[in-house]
Amino acid sequence: MREEKEESERRNSMEHITVTDSIRYVGVDDTTIDLFESQYIVPEGVSYNSYVILDDKITIMDTVDSRAVTEWMEKIKEVLEGKAPSYLVVSHMEPDHSGSVQILAEAYPEMKLVGNAKTFAMMAQFFDMDLEERKVVVKEGDTLSLGSHSLQFFMAPMVHWPEVMVTYEASQKVLFSADGFGKFGRVAVNGTKDWAGEARRYYFNIVGKYGTQVQTLLKKASGLDVQIICPLHGPVLTENIGYYVGLYDTWSSYRPEEKGAAVVYASIHGHTAKAAKRFAEILEEKSGEKAELFDLSRCDMSKAVEAAFRFDKLVLAAATYDGGVFPPMEDFLHHLKAKAYQNRKIALVENGSWGPVAAKAMKGILEGMKNLTFCDTIVTIRSAMKAEDETNLKALAEELLA
């Protein structure tokens, strides 16, 4: 028992992060979760971030998922040192951030809650508590003085829920960015190491549909002097802010980040897989660009989606199945469609022993989406790949790379 207590105290000490001399990180790393939002694999866990601003009016910025509330409340009490907070700012009502609102509100009955009109409408749906005398309703550009700190609020609807808002603290040039600039993984272990990979996977799978709204938020933020970004997931960003903002601008504009191809395949007995792997080799031989392979029957779907947005070219190779396309590919394409996939060049490879229609089915799902260019050449494999199929793959590669 003593060893467990010492380990817990050591862990808690490691995870205390001072953002500035008056802003403390009190988030929690969740290492017990297997699927974020019950769909995204998080092998290194995820953080639920929360912050305390120490001033005349102590303010807590967001809560955490209810599954982490015990550890979080311990951290809150340690930082407060017996004092009571004046405000809780609620940036986002999704349960991984608002799950502990009621517990905190009941622990500090004099604390007021700060949010916009949509925040409180949604809060009433999640919780059964009377906040009428405790609400501070803010709108675009409103400010709240804490003493030496001043908070300014900016609405960020559909980044990625309608009630989302971000908060700027001017004296220390800190942007509390809600789910913006978040990433999968634990804060205490990874920090900003390899930030882009898991931040990209997080962005496209969760926020990706709302690029226009992210662009609007970036325009608002461009008028602020931001030196520190405090997101609700992932590490606090304190250096090279332009790098992170630049990536968000690229992602939310649906511009490719790299030249290369995501080669995504759905194969039943292995013949389509063989063709996809050979096509990836041909592409790399001809272009020197990377061709990254994804087996949709086995890979993490969110990583395949992330790669499709990362590269400027996409190769779809699938078997025909029940007069359509093999379901793993169909599922993948619907994920792309849901996330507003656009501005890419696409090559199609199909397989079918008696009635190959996979290419038509794949194109049918994606048609109507913005700025997708399909290669005229379609490679149709009849059961197993033959010499003439490789010739056709080379011709398709030439067209894709043109």
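### Some thoughts on the sheet that holds strand β10 (residues 112–115)
On the basis of which strands lie adjacent, the open sheet formed by 7 strands has the order β1-β2-β7-β8-β9-β10-β11 and mixed pairing. Two strands lie at the open edges of the sheet, namely β1 (17–18) and β11 (135–137), each paired on one side alone. Looking at chain direction, strand β9 (residues 87–89) and β10 are connected through 3 bridges and run parallel. Within β10, the residue paired with Leu88 across the bridge is Leu113. Where helix α2 (residues 69–80) meets the sheet, its contacts fall on β2 (23–25), β7 (51–53) and β8 (59–61), and the angle it forms with β7 comes to roughly 20°. Running over the sheet, helix α5 (residues 117–126) touches β10 and β11 and is turned about 120° from β10.

### Remarks on α5
When we look at burial in α5, the residues that qualify are Thr119, Phe120, Met122 and Met123. Taken end-on, α5 shows its buried residues confined to a sector of 165°, consistent with a single buried face. Of the residues in α5, the exposed ones pointing more than 90 degrees away from the buried face are Ala117, Ala124 and Gln125. Each element contacted by the buried residues of α5 is listed here: α4 (101–107), β10 and β11. Sitting at the head of α5, Asn116 places a side-chain oxygen 3.0 Å from the backbone nitrogen of Lys118.

### Topic: the pairing of strand β17 (residues 258–266)
Among the 9 residues in β17, 7 count as buried, and that is most of the element. Here 7 bridges tie β17 to strand β19 (residues 311–321), and the two strands are oriented parallel to one another. Residue pairing across strands places Ala266 opposite Ala318, the latter belonging to β19. Pairing of β17 with strand β18 (residues 290–295), which is carried by 6 bridges, proceeds in the parallel orientation. Looking at β18, one finds that Tyr265 is bridged to Asp295. Each parallel crossover has a hand, and for β17 linked through helix α10 (residues 271–287) to β18 it is right-handed.

### Some thoughts on the nonpolar core
In terms of nonpolar packing, the biggest core is built from 98 residues, with Trp72, Trp195, Leu316, Met329 and Phe332 touching the most fellow members. For this core, the leading source of residues is helix α7 (residues 195–207), giving 8 residues. Setting aside its immediate chain neighbours within four residues, Leu316 contacts Val264, Met329, Phe332, Leu333, Ile346, Ala347, Leu348, Val349, Met362 and Leu366. Judged by nonpolar contacts, the second largest core, of 23 residues, contains Tyr265, Ala273, Ala275 and Val379.

### Some words on α7
When you tally the buried positions in α7, you get 11 out of 13 residues, the bulk of the element. By the burial criterion, the buried members of α7 are Trp195, Ala196, Ala199, Arg200, Arg201, Tyr202, Tyr203, Phe204, Asn205, Ile206 and Val207.

### Notes on the environment of Ala304
Along the chain, Ala304 turns up in helix α11 (residues 301–310). Distance from Ala304 to His335, taken between C-alpha atoms, is 9.9 Å for residues 31 residues apart in sequence. Once residues within four sequence positions are removed from consideration, Ala304 is found in contact with Phe294, Leu296, Cys299 and Phe332.

### Section: unusual backbone geometry
Looking along the chain, the bond that leaves Val159 and enters His160 is cis, with omega of 5°. Assignment of secondary structure puts His160 in the loop between β13 (150–155) and β14 (165–169). For Asp62, which is not glycine, the phi torsion reads 70° and is therefore positive. Looking at the element boundaries, Asp62 is found in the loop between β8 and α2. The class of Asp62 is buried, set by a relative accessible area of 4%. Even without a glycine there, the phi angle at Glu81 is positive, about 50°. Mapping Glu81 onto the fold places it in the loop between α2 and β9.

Scoring rules and cut-offs
Residues numbered from 1 in each chain as written. Predicted model: local features only at pLDDT ≥ 70, side-chain atom pairs only at ≥ 80, totals over all residues. Heavy atoms only, no water. Pairing = 2+ DSSP bridges. Helix = DSSP H or I, 4+ residues; strand = E, 2+ residues; numbered from the N terminus. Contact = heavy atoms within 4.5 Å. Axes fitted to C-alpha atoms, helices over the stretch in contact; angles between N-to-C directions. Buried < 20%, exposed > 50% of the residue type's maximum accessible area, 1.4 Å probe, protein only. Arc of directions from axis to C-beta. Polar contact = N/O pair within 3.5 Å; in protein donor to acceptor, adjacent residues only side chain to side chain. Right-handed = clockwise from strand over helix to strand, strands pointing away. Core = buried A, V, L, I, M, F, W, Y, C linked by side-chain atoms within 4.5 Å.

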